[in-house]
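One letter stands for each residue in the lines below.
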Amino acid sequence: MAALTNISLARGAPSLDIIAVDDLKAAAQSAFERDAAGTFAYGTSAGYPHLLEWIAAKHRVEPDRTMATNGSMQADAFLFQELVGPGDVVVVEAPTYDRTLLSLRELGAELLAIPLEPDGIDVAALEVALSEGARPTLAHIIPNFQNPAGCTLSLAKRQRLLELASEYGFAIFEDDPYVELRFEGESLPTMLSMDQADKVIYASSFSKTVCPGIRVGYLVGPAALIARVRKTATNTYISPNMVAQSIVAEFCHSGAIERSIETVKAALRERRDATADALERHLPDARFVTPEGGYFLWVDLPESSDVARLEAASRERGVIFVKGTDFLIEGGESSLRIAYSAVPPDQIEEGIARVADAYRELAGAAA
Ligand SMILES: Cc1ncc(COP(=O)(O)O)c(C=O)c1O
């Protein structure tokens, strides 16, 4: 019997075929020629100046409100280190990015998990918690094509969150690596751009629009806070990777990033459609909200389903995905996250057919 091809619906990473390798080569070549001195030096913890200029222009802020880091994971870590201590209450979405939960737990934060709805965090539930005495220092929000749920925060909820942040004195961490990957519908303004009270610290990344291996992300926030975070960064690594940031700067200023985003969006839209279509045909018990962009789709199965067993049975069939429980403090036993970013449509179809086969076998054994 021929060996089964392994299919990963687990990793939120682009496949090699949608990475702009030739444009990256050209960007490296011109970065090395245009500014060899700046590219090959240590630099400062703020990041590569030509990249900060691009980020500042994009977000219509002064460069002293920005810093570029080794991936946005590093930006998250610095920010949490700065703002969160043991016992501090931090609002998180439920479900949310598993690494956020891990980092906050490691710092001893008390997590206040607020459920997600198809239009983002349930702000009414947050208001109830606040009116009952919860006093968070920070709310971590993934506003667009959320990881893992795929949903997007509505404009009204963005506005309300800003009001609550001012009223109750907490900061909003707007963690936004997927913002450029909208396939349909209207783009919404960032909370950063709507903020009148210096409540928002914004992070984004080039991992999802250029490539993750380059490890470049960034922070935008109030100048005083950014100055403090830059200091932490200096003490941590002197400076981030200048070679990578110089290449990304060239990639952005030359316009190659726009082409790359178009390539990624076109491919991911097709993969999203293949996922939704395969789920409808092979796994009619699956409930999901079709995301308008991004990398992920969240699937709820009937409550009696045991996704831990489904994951093991799918793995035996050469397909991996991430269990819902990884993204929650409690619950999620009958849910899973599908990342459609890393595989072509025919493999998505095959992968979901195998998961459905595992699901039917487990349901048959339970009957
Ligand atoms: C919500 C969120 N924040 C941060 C990151 C980290 O991204 P980076 O590769 O920029 O470190 C990810 C990656 O999947 C993510 O989904």
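Residues numbered from 1 in each chain as written. Predicted model: local features only at pLDDT ≥ 70, side-chain atom pairs only at ≥ 80, totals over all residues. Heavy atoms only, no water.

Comments concerning the overall build of the chain
Reasoning step 1: Regarding its fold elements, the chain presents 13 helices and 13 strands.
Reasoning step 2: Taken over the C-alpha atoms alone, the chain extends approximately 65 × 55 × 35 Å along its principal axes.
Reasoning step 3: The buried share among the 367 residues of the chain stands at 54%.
Reasoning step 4: A fraction of 75% describes how many contacts in the chain between residues 6 or more apart in sequence connect residues 24 or more apart.
Reasoning step 5: Distance between charge centres in the chain, computed from 33 positive and 52 negative side chains, equals 3 Å. (Helix = DSSP H or I, 4+ residues; strand = E, 2+ residues; numbered from the N terminus. Buried < 20%, exposed > 50% of the residue type's maximum accessible area, 1.4 Å probe, protein only. Contact = heavy atoms within 4.5 Å. Lys, Arg positive; Asp, Glu negative; His and termini not counted. Charge placed at Lys NZ, Arg CZ, Asp CG, Glu CD.)

Description of the sheet that holds strand β6 (residues 138–141)
Reasoning step 1: The strand order across the open sheet built from eight strands is β2-β9-β8-β7-β6-β3-β4-β5, with neighbouring strands paired in mixed fashion. With partners counted over all chains shown, the strands left at the sheet margins are β2 (66–69) and β5 (120–121), one partner each.
Reasoning step 2: Here strand β7 (residues 171–175) pairs with strand β8 (residues 200–205) via four bridges, running parallel. When the bridges of β8 are listed, D175 appears paired with A203.
Reasoning step 3: The sheet strands contacting helix α3 (residues 49–59) are β2, β8 and β9 (217–220), and the helix crosses β2 at an angle near 125°. (Pairing = 2+ DSSP bridges. Axes fitted to C-alpha atoms, helices over the stretch in contact; angles between N-to-C directions.)

With respect to the sheet that holds strand β12 (residues 322–323)
Reasoning step 1: Strands sit in the order β10-β13-β12 across an open sheet of three strands; the sheet is antiparallel. Edge strands, defined here as strands with exactly one partner in the open sheet, are β10 (296–300) and β12.
Reasoning step 2: Bridge analysis of β10 against strand β13 (residues 335–339) gives five bridges, and the strand direction is antiparallel. Residue pairing for β13: W298 is matched across the bridge by R337.

Considerations on the side chain of H59
Reasoning step 1: Mapped onto the elements of the fold, H59 is located in helix α3.
Reasoning step 2: Engagement of the side chain of H59 in a polar contact is seen with the side chain of Y218, the distance being 2.8 Å.
Reasoning step 3: If we ignore the near neighbours within four places in the chain, the residues touching H59 are L192, Y202, Y218 and V220. (Polar contact = N/O pair within 3.5 Å; in protein donor to acceptor, adjacent residues only side chain to side chain.)

Regarding the site of the ligand
Reasoning step 1: If you check the shell around the ligand, you find 14 residues, and the closest are S72, Y178, S205, S207 and R215.
Reasoning step 2: Residue N147 places a side-chain N or O atom 2.8 Å away from an oxygen atom belonging to the ligand.
Reasoning step 3: Contact between the ligand and Y178: an oxygen atom at 2.6 Å from a side-chain N or O atom of the residue.
Reasoning step 4: When the ligand is considered free in solution it has 400 Å² of accessible area, and contact with the protein chains removes 94% of it.
Reasoning step 5: When the residues that make up the shell around the ligand are grouped by side-chain class, the tally is five nonpolar, five polar and four charged. (Near = heavy atom within 4 Å. Areas by Shrake-Rupley, 256 points an atom, 1.4 Å probe, with all protein chains shown as cover. Nonpolar A, V, L, I, M, F, W, Y, C, P; charged D, E, K, R; others polar.)

A short note on the pattern of salt bridges
Pairing between side chains becomes possible if they bear opposite charge and their charged atoms approach one another.
Reasoning step 1: This model, assessed by the stated rule, comprises 22 salt bridges.
Reasoning step 2: Notably, a salt bridge pairs D17 with R271, separated by 3.1 Å at the nearest N-O pair. On the criterion of sequence distance, the pair formed by D17 in the loop between β1 (7–8) and α1 (21–34) and R271 in helix α11 (residues 256–282) is long-range, its members being 254 residues apart.
Reasoning step 3: Classification of R271 by relative accessible area gives buried; the value is 3%.
Reasoning step 4: Measuring nitrogen to oxygen at the nearest pair gives 3.1 Å for the salt bridge that ties R259 to D23. Within this pair, whereas R259 is found in helix α11, its partner D23 is found in helix α1, the two being separated by 236 residues in sequence.
Reasoning step 5: Under the relative-accessibility criterion, R259 is labelled partly exposed at 46%.
Reasoning step 6: Judged by relative accessible area, D23 falls into the partly exposed class, the value being 24%. (Salt bridge = Lys/Arg side-chain N within 4 Å of Asp/Glu carboxyl O.)

Points about a nonpolar patch on the surface
Reasoning step 1: Taken together, the side chains of F32, F40 and V243 make up a nonpolar region of the molecular surface, amounting to roughly 260 Å² of accessible area.
Reasoning step 2: Looking at the secondary structure, you find F32 in helix α1.
Reasoning step 3: On the accessibility criterion, F32 (34% relative accessible area) is partly exposed. (Patch = residues over 30% accessible without salt bridge, like charges linked within 9 Å, V, L, I, M, F, W, Y side chains within 5 Å.)

Overview of the packing of α1 against helix α10 (residues 242–253)
Reasoning step 1: Put simply, α1 and α10 touch, their axes get as near as 8 Å, and they point 110° apart. Relative to α10, the element α1 lies roughly perpendicular. Here α1 and α10 pass one another in a crossing that is right-handed. Only V243, S246, I247, E250 and F251 of α10 make contact with α1, whose side of the interface consists of D23, L24, A27, A28, S30, A31, F32 and R34.
Reasoning step 2: Among the residues forming the contact of α1 with α10, the class breakdown is eight nonpolar, two polar and three charged. (Parallel < 35°, antiparallel > 145°, perpendicular 65-115°, else oblique. Left-handed = near helix turned anticlockwise from the far one by under 90°.)

Thoughts on helix α4 (residues 71–83)
Reasoning step 1: Helix length check: α4, at 13 residues, gives a terminal C-alpha distance of 19 Å against a target of 18 Å (1.5 Å per residue), a fit within 8%.
Reasoning step 2: Among the residues of α4, those classed as buried are G71, S72, Q74, A75, D76, F78, L79 and F80. (Expected span 1.5 Å × (residues − 1).)

Quick look at α1
Reasoning step 1: Over its 14 residues, α1 extends 20 Å from the first C-alpha to the last, a length consistent with the 20 Å expected when each residue adds 1.5 Å.
Reasoning step 2: Every buried residue of α1 is accounted for by L24, A27, A28 and A31. Relative to the axis of α1, the buried residues are bounded by an arc of 100° and lie together on one face. For α1, the exposed residues set more than 90 degrees away from the buried face come down to D22, K25 and E33.
Reasoning step 3: Check the buried side of α1 and you find it contacts α2 (36–40) and α10. (Arc of directions from axis to C-beta.)

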